[in-house]
Amino acid sequence: MSGQELSEVLSISRSAVWKHMNELKKSGYEVEAVTNRGYRIINVPEALSEDAIRWGLETKWLGSTLHYHPTVTSTQNLAHEFARDGAEHGTVVIASEQTKGKGRMKRYWDSKANVGLWFSTVLRPHSLEPKNATQITLVAAVALANVMKEYGIPVSIKWPNDLFIGDKKMAGILTEMQAEQDQIDYIIIGIGLNVNHEEADFGSAVLEHATSLKVYTQDHYNLNTLFKSIAHEFEVQYERFIEHGFKPIKSDWEGYAYKMGEWLTVRAQGEWNAKLIGIHEDGALKVVDEKGQEHLLYSAEILW
Ligand code: BTN
């Protein structure tokens, strides 16, 4: 946009436009200025910020309301507060750092500053029955896996919510729901993605089981850009799910499934060996035991 147009639209002088451009550059925006043509933003800053996320966010509703905080206890807790106060469908809470990140099964989720994406989204899927809420976790997992595939990262999904590179976890999804008996009030989908961690950012015990995009590719990723790709794909997959049901998601999920067709140890009322054969229409994990008997697991853990 030309400096003239900017000064007219914003009702400020040309020299004020120039000053603002310098401010943008100072905060990490890469701005190209071409004589007689104007200014163009080429790159957003590394550090997460509300402006840098909004710039070029190609979603219709996901992230229309966006709360960015440098540090929070947990974006998940904050998203619950917003949802209780009536936050609209698609509201996103995102932070550079979480001091009390939550994982599944009340585990701690390590969320160091500026190395990962830590965000929670409020969803209000009124047409979805509470018993099918697990499906949303799988929708989010497929969306994340699709983005990773676009970035050239070979990921698999470990039921119900872990993204793996090889045998190491690089992302997790936490789904929490507030519902009446037959009506969902809201769902909070929390996504934690290890992005720019170096090996030293993980403790040695954690490093055995965890990885980041940077550890795997040696490349550094712009968190704002990566968030925007995920938000866009999540919206696309969510709308596909609402419009066409779980079937297409189920088949994509099975295409990404970690150790599909292999024998694993599962923890579900004791520990036993099971072969993973797919997922059920309602999102449950389908396995067979050593006697050939089929089981549907709704709340289980696949052991390492
Ligand atoms: C898991 O794999 O156990 C789920 C991890 C989910 C972590 C994310 S980070 C953003 C959101 N806020 C939290 O406190 N947890 C989720």
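Residues numbered from 1 in each chain as written. Predicted model: local features only at pLDDT ≥ 70, side-chain atom pairs only at ≥ 80, totals over all residues. Heavy atoms only, no water.

Colleague: Can you tell me about the packing of helix 8 (residues 223-244) against helix 9 (residues 247-256), naming the residues and giving the values?
Modeller: Running from N to C, helix 8 and helix 9 point in directions that differ by 130 degrees, and their axes come no closer than 8 Å. By the angle class used here, helix 8 and helix 9 are oblique. Contacts between helix 8 and helix 9 involve Q237, R240, F241 and H244 from the first element and P248, I249 and D252 from the second. (Axes fitted to C-alpha atoms, helices over the stretch in contact; angles between N-to-C directions. Helix = DSSP H or I, 4+ residues; strand = E, 2+ residues; numbered from the N terminus. Parallel < 35°, antiparallel > 145°, perpendicular 65-115°, else oblique. Contact = heavy atoms within 4.5 Å.)

Colleague: Report on the sheet that holds strand 9 (residues 184-194), specifying residues and quantitative values.
Modeller: Overall, mixed pairing links the 7 strands, which are arranged 3-4-5-9-8-7-6 in an open sheet. In this open sheet, the two strands that pair with only one neighbour each are strand 3 (66-72) and strand 6 (155-158). Strand-to-strand twist across the sheet, computed as the mean angle between neighbouring axes with direction ignored, equals 20 degrees. Both strand 7 (residues 162-165) and strand 8 (residues 168-179) contribute to a ladder of 4 bridges, which runs antiparallel. (Pairing = 2+ DSSP bridges.)

Colleague: Can you lay out the domain arrangement of the protein for me, pointing to particular residues and giving the numbers?
Modeller: Domain annotation for the protein reports domain 1 (3-43), domain 2 (50-256) and domain 3 (263-302). With centres defined by C-alpha atoms, the gap from domain 1 to domain 2 works out at 34 Å. (Domains from an automatic or database assignment.)

Colleague: Before we move on, can you summarise the packing of helix 5 (residues 134-150) against helix 8 with the specific residues and values?
Modeller: For the pair helix 5 and helix 8, the least separation of the axes is 8 Å and the interaxial angle reads 135 degrees. Judged on the interaxial angle alone, helix 8 and helix 5 are oblique. For the pair helix 5 and helix 8, the crossing hand works out as right-handed. Where helix 5 abuts helix 8, its residues Q135, I136, V139, A140, V142, A143, L144, N146, V147 and M148 lie against L226, S229, I230, E233, F234, Q237, Y238 and F241. For the contact of helix 5 with helix 8, a count of residues per class yields 13 nonpolar, 4 polar and 1 charged. (Left-handed = near helix turned anticlockwise from the far one by under 90°. Nonpolar A, V, L, I, M, F, W, Y, C, P; charged D, E, K, R; others polar.)

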